[in-house]
Amino acid sequence: MSIYGPYEDTLNAILIDVKQRIEELNNRQVVANQPKLYEHLIGRVKTPTSMVEKCHRKNYPVTTEAALRQCRDAIGLRIVCNFVSDISRCLKLVRQADWCTVVKEKDYITNAKPNGYRSYHLILDVVEPYQDVDGHLPGHFFVEIQLRTIAMDSWASLEHEIKYKHHVKDPERISKELKRCADQLASCDVQMQTIRQLVQEGESE
Ligand code: 0O2
């Protein structure tokens, strides 16, 4: 049996449900003639192997309780937006949604990680018609949402790829170049935001 015990199907069902709820938020914007909220939306249930590795890394016991309570990213969704302002629109709508409570926020956009990583992380508490690990029905389940622009997402994918190549010649140089690249992409995001604003101002004249 995996670290998720009997919850594996439940986690997949909740992922589908929360994904649909976010798609619904987007559909409502589009129907109201607002720009789409995001460019794409992806989700995953963390693999049992990665979850066991995370429990070891965090010094948590390798138990279903730790996987679903101490770790709060068993279910994860990534909302990849066109513009930084779309991240703020998404945040506002998720905070207002009646189907979840935001229990934690980490703003790695205002405060980028030292390596250059940028993204806005939310932990949601969602109530779902499944028994949770504390025996409650309906149950409480955590969902991690990562919000980023396309530029932030490309950087994170490439950095993730490179991170696992351990036999590089000059790791310090690579870290420095990656950081430089992240900062350049952040400045492109600012520029793209300005362009969008100019276009919108033109449209409203
Ligand atoms: P995966 O495969 O994406 O799930 P906690 O202390 O528990 O609140 P946690 O989860 O340890 O916080 O860390 P944090 O900083 O909130 O972010 C965790 C996730 O953010 C990671 O998940 C990555 O997806 C992403 N992330 C954070 N920092 C970086 C980074 O420097 N580079 C890249 N590429 N991604 C990052 P996992 O579990 O690592 O993997």
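Before reading on, note that the structure itself is shown above.
Below you will find a few notes about this structure. (Residues numbered from 1 in each chain as written. Predicted model: local features only at pLDDT ≥ 70, side-chain atom pairs only at ≥ 80, totals over all residues. Heavy atoms only, no water.)

## Re the overall build of the chain
Stated precisely, the cut-off is as follows: Secondary structure elements follow DSSP: runs of H or I of four or more residues count as helices, runs of E of two or more count as strands, with numbering from the N terminus. Accessibility here uses a 1.4 Å probe with only protein chains present; expressed as a share of the type maximum, an area under 20% marks a residue as buried, one over 50% as exposed, and anything in between as partly exposed. We call two residues contacting when some pair of their heavy atoms lies within 4.5 Å. The positive count covers Lys and Arg only, the negative count covers Asp and Glu only, and His and the chain ends enter neither. By convention, charge coordinates are those of NZ in Lys, CZ in Arg, CG in Asp, or CD in Glu.
When its secondary structure is counted, the chain shows six helices and five strands. Secondary structure elements of the chain occur, N-terminal to C-terminal, as α-β-α-α-β-α-β-β-β-α-α. By principal-axis analysis of the C-alpha atoms, the chain measures approximately 55 × 55 × 20 Å. Residue burial in the chain is summarised as follows: out of 205 residues, 40% are buried. Expressed as a percentage of contacts within the chain between residues at least 6 apart in sequence, the contacts between residues at least 24 apart total 66%. A gap of 5 Å separates the mean positions of the 28 positive and 29 negative side-chain charges of the chain.

## Let's talk about the site of the ligand
In plain terms, the rule: Throughout this document, a residue counts as near a molecule or strand when at least one of its heavy atoms sits within 4 Å of that molecule or strand. Two N or O atoms count as a polar contact when they lie within 3.5 Å, although within protein this holds only if one can serve as hydrogen donor and the other as acceptor, and sequence-adjacent residues are included solely when both atoms are side-chain atoms. Each accessible area is a Shrake-Rupley result for a 1.4 Å probe, and residues are judged covered by the shown protein chains and nothing else.
In the neighbourhood of the ligand, 18 residues make up the surrounding shell, with Arg44, Lys46, Lys58, Tyr108 and Asn115 lying closest. Separating an oxygen atom of the ligand from a side-chain N or O atom of Lys46 is a distance of 2.6 Å. A distance of 2.8 Å separates a nitrogen atom of the ligand from a polar side-chain atom of Glu159. Its free accessible area being 770 Å², the ligand has 73% of it covered by the protein chains. If one sorts the elements of the shell around the ligand by residue count, helix α5 (residues 150-163) sits on top with four residues.

## Side note on the packing of aromatic side chains
Filter applied, for reference: Only rings of Phe, Tyr and Trp enter the pairing, Trp through its six-membered ring, and a pair is recorded when the two centres are within 6.5 Å. The plane angle decides the type: under 30 degrees is stacked, over 60 is edge-to-face, the rest tilted. Only lysine NZ and arginine CZ atoms are considered, and such an atom sits over a ring when it is within 6 Å of the ring centre and within 35 degrees of the ring normal.
Inspection of the entire model under this criterion finds one aromatic pair. Between Tyr108 and Tyr117, the aromatic rings sit 5.8 Å apart at their centres with planes inclined by 65°, giving edge-to-face as the arrangement. Here Tyr108 and Tyr117 have matching classes, each one buried. Across from the ring centre of Phe142, 5.3 Å away, lies the NZ or CZ of Arg72, which sits over that ring. Lying over the aromatic face of Tyr108, Lys113 brings its terminal NZ or CZ to 5.0 Å of the ring centre.

Taken by themselves, the reported measurements are silent on function.
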